[in-house]
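So you can see what is in the structure, the chains are spelled out below.
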Amino acid sequence: MTEKILVEIAWPYASASIHVGNITGSHLPADIYARYHRLKGNDVVMVSGSDSHGTPVTVKADAEGTTPLEVSKKYHQEFVELFQKLGIHYDQYTTTHTENHFKVAQSFFLALKENGFLYEETQKQWYSEKADRFLPDRYVEGTCYICGAEGARGDQCDHCGSMLDSTLLKDPISKMDGSTPVLKETTHFFLDLSKLEDQVVSFLESKQEFWRANVVKQSLGWIKAKGLLGRPITRDLEWGIPVPVEGWDGKCMYVWFEAVIGYLSATIEWDKLGDENAKWEDFWLNPDAKASHFIGKDNIPFHAIMWPAQLLGAGETFCKIFGEGQGKLTLPYDVPANEFMNMEDRKISGSKNWGVWGLDFLSRYDPDPLRFYLTINMPETRDSNWDWDDFVRRNNDDLVATWGNLANRVLSFTHKKWDGIIPEPGQLSEADNALLDSIEKGFDTVGNLIEEVKLRAALSEAMRLASEVNKYLDDTAPWTLVKTDPQAAATTVYVAIKAIDSLKTMLSPFLPFTSEKLNSYLRAGQPLFGEQYTQTVQDNLGEHTVLRYKATGTGQWKPSDLKGGIAFQKPEPLYKKLEKEVAEEERARLN
RNA sequence: GGCGAGGUAGCUCAGUUGGCAGAGCGGGGGACUCAUAAGCCCUAGGUCGUGGGUUCAAGUCCCACCCUCGCCA
């Protein structure tokens, strides 16, 4: 049965470069999952985009003396370039600053309003008369009213660790312009989460056996602690999506509320730009569709509590207001949140330049070694650590030695002794069949692990199978056999090539570039995967670039059916060994 | 402070319902030579964060504490 698989990745803020922690946290696991399902023949749509709105973008623009639009466009272009070079195959990577997203988000807002899940409330907030605007809590500094420490932020005091009520902060100063802010009343829309609490709780309870423990337990624990309270969904901002209600000029939707709606709007944009087979309704109004959110642990409450609440609240009314489709919006199938990756035992930090940035890495190294290291070290159950010595070691001792060398030794040997033609096998021995059976079972084992998003284990299992082929070769020793029994040696080599051809498929979600290269040796003109391309979209807000995917791949998640007698080109090594000194050089780049 | 996750071999991590502590890599030794001095075989190693408790039996269950990370509308 063909499944509808929606793969949704947390939207990166268009105000800072993407580092290895971001990649291993969400984009990479999502891509591996999506590629696997594409090979399985399922209908996959993988969506995300740049979060163009929000305070970080505005702050960056102020700092650089430019506009939020320019800042967001610059980072968006950078992200699109990175995903292409790293092979993150988005069907639709867009931005939140599009006419389409505005319309979807506003319809969503109005659906919640019509269904009675919004209310208005007036609160006091710091206001800079100098800049003529309200200040986000974390951009107000002052003296902590609990411990008396200076330099406390409006939302938290780093000295005593307390969460603060920003309006009680003493001697406040605006971090944006250095002025002394004043408290001013402002009215906002709130999402009435208390009315949705019961539905969210039963939704989470239904996922208890299936979702990762940290996701379910943290979410249920949060709700149990205080209950779900109303939460503001609008802010006093110029830059963002206007509140679609008369008399609300100068107010925009809060990004936490608006950005997650991007999953829906990106799918709708994908539909509009695609052919008649591309239907957003198949993924959003279909209870059997499987929608998974790939996020970091900091984002759990927004995807496991807020977003389900938003979807439940909008319900069938969204379609009515939006004017397309009919039915209830589908709730998430899974939220496989990852923990964090540290850099050389310290937290990754953009401002301290402590990290490895995706594009910078790819200017010196190939994408697959990065994907390999980030997968085998993925922070699935606890924080993990990027260590340059470990990177070099994993590259040389695992990737090159176990898998790269296996492919190279077999293909080189065959090319030398059989003139570049895969030999015809004779009768298969017990050992031959045992190896091929083992590999065949691997498709189920590895596939199931990927479906459960246990990607470290999945990759380890595939590597273990590669190791099994190495053992098989040493046991059968075709380089000796070829001197005494050429037909037996031919059979052995054929079996080994078939095993490698299968492993290439099994590893291709993880290592797409080198798998494609290996595949091209054996099946010229039959690529495993499709192609990425960019497209410029014009609308009332200007133009934006989207990254899209053309599904022209021929790869299938099943054992090799390669026949003897096929000519193949002389192989080149798939990976490079790295000098040990690389680790020292790279560490010197930090900070 | 509250909630959640994590703490197991030198390193990175597995350990399902309690039942003789596991893997990969690194270290030590060996046979081979197709291969990127890669691969294969053998081997060494651990007070399972700490302290109590339950049990015939605890990495696993209970209590307290320590450390790391995240969240707290």
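Per chain, the residues get numbers from 1 upward, laid out in the order the sequence is written. Naming scheme: in the order in which they are written, chains are lettered from A and ligands are numbered from 1. The predicted nature of this model means local features are confined to residues of pLDDT at least 70 and side-chain atom pairs, given and counted, to a pLDDT of 80 or more, with totals for whole chains, interfaces and linings taken over all residues. The side-chain values count all of the structure's non-hydrogen atoms but skip hydrogen atoms and water molecules.

(A) Quick look at empty space enclosed by the protein. Grid points spaced at 1 Å and placed over the protein atoms alone form the basis of the search, with a cavity being a set where a 1.4 Å probe fits but cannot get out and a pocket an open set showing protein on both sides within 12 Å along at least five of seven lines. Lining residues have an atom within 4 Å of a point. Grid points are joined across faces, edges and corners, and a volume is the space filled by probe spheres set on the points. Counted under the stated rule, the structure contains two cavities of 30 Å³ or more. Each pocket or cavity is described by its volume, and for the largest cavity that value is around 40 Å³. For the largest cavity, the full set of lining residues is G404, A407, N408, L411, L518, Y521, P571, E572 and L574. Strands here are runs of E lasting at least two residues and helices are runs of H or I lasting at least four, both read from the DSSP assignment and numbered beginning at the N terminus. Those elements that provide at least two residues to the lining of the largest cavity are α14 (388–417) and α19 (512–522). No other element matches α14, which puts four residues into the lining of the largest cavity. Among the residues making up the lining of the largest cavity, the classes are represented as six nonpolar, two polar and one charged. In this structure, the second largest cavity spans a volume of roughly 30 Å³. Taken together, E8, F283, W284, A291, H293, W307, L311, T330 and P332 form the lining of the second largest cavity. Note on residue classes: Ala, Val, Leu, Ile, Met, Phe, Trp, Tyr, Cys and Pro are nonpolar, Asp, Glu, Lys and Arg are charged, and everything else, Gly too, is polar. By residue class, the composition of the lining of the second largest cavity is six nonpolar, two polar and one charged.

(B) Highlighting the protein's contact with RNA strand B. In this text, near means that some heavy atom of the residue lies within 4 Å of the molecule or strand in question. If you check the shell around RNA strand B, you find 44 residues, and the closest are K297, R382, R393, N405 and K416. The sugar-phosphate share of atoms of RNA strand B within 4 Å of the protein amounts to 75%. Side-chain polar atom of K217 to a phosphate oxygen of RNA strand B: 3.5 Å apart, as the coordinates give it. One nitrogen or oxygen atom from the side chain of D383 is found 2.9 Å from a sugar or linking oxygen belonging to RNA strand B. Elements that contribute at least two residues to the surface near RNA strand B include exactly α6 (213–226), β10 (231–232), α14 and α16 (455–476). Per-element accounting of the surface near RNA strand B gives the leading share, 12 residues, to α14. Here the surface near RNA strand B is built from residues that sort into 14 nonpolar, 12 polar and 18 charged. What qualifies as a polar contact is a pair of N or O atoms within 3.5 Å, subject to a donor-acceptor requirement within protein and to the restriction that residues adjacent in sequence count only when both atoms come from side chains.

(C) Structural detail: the environment of N115. One can find N115 in the loop between α4 (99–114) and β4 (118–128). Each residue's exposure class comes from its accessible area (1.4 Å probe, protein chains only) as a fraction of the maximum for that residue type: buried when under 20%, exposed when over 50%, partly exposed otherwise. Judged by relative accessible area, which is 30%, N115 ranks as partly exposed. Sequence separation between N115 and T317 is 202 residues, and the spatial gap between their C-alpha atoms is 7.5 Å. Residues are treated as being in contact if the distance between any of their heavy atoms lies within 4.5 Å. Sequence-distant contacts of N115, defined by excluding residues within four places in its chain, comprise G313, A314 and T317. Here A314 takes part through its backbone oxygen, which lies 3.2 Å from a polar atom of the side chain of N115.

(D) Structural detail: the pairing of strand β17 (residues 542–550). For two strands to be treated as a pair, DSSP must find no fewer than two bridges joining them. Pairing analysis gives two bridges linking strand β3 (residues 92–95) to β17, with the strands arranged antiparallel. Bridging across to β17, Y93 finds its partner in L547. Relative to β17, strand β16 (residues 531–539) is paired through nine bridges, and the arrangement is antiparallel. Note on β17: the bridge partner recorded for Q535 is V546. Where β16 hands over to β17, the hairpin turn is made up of two residues, counted between the paired strands.

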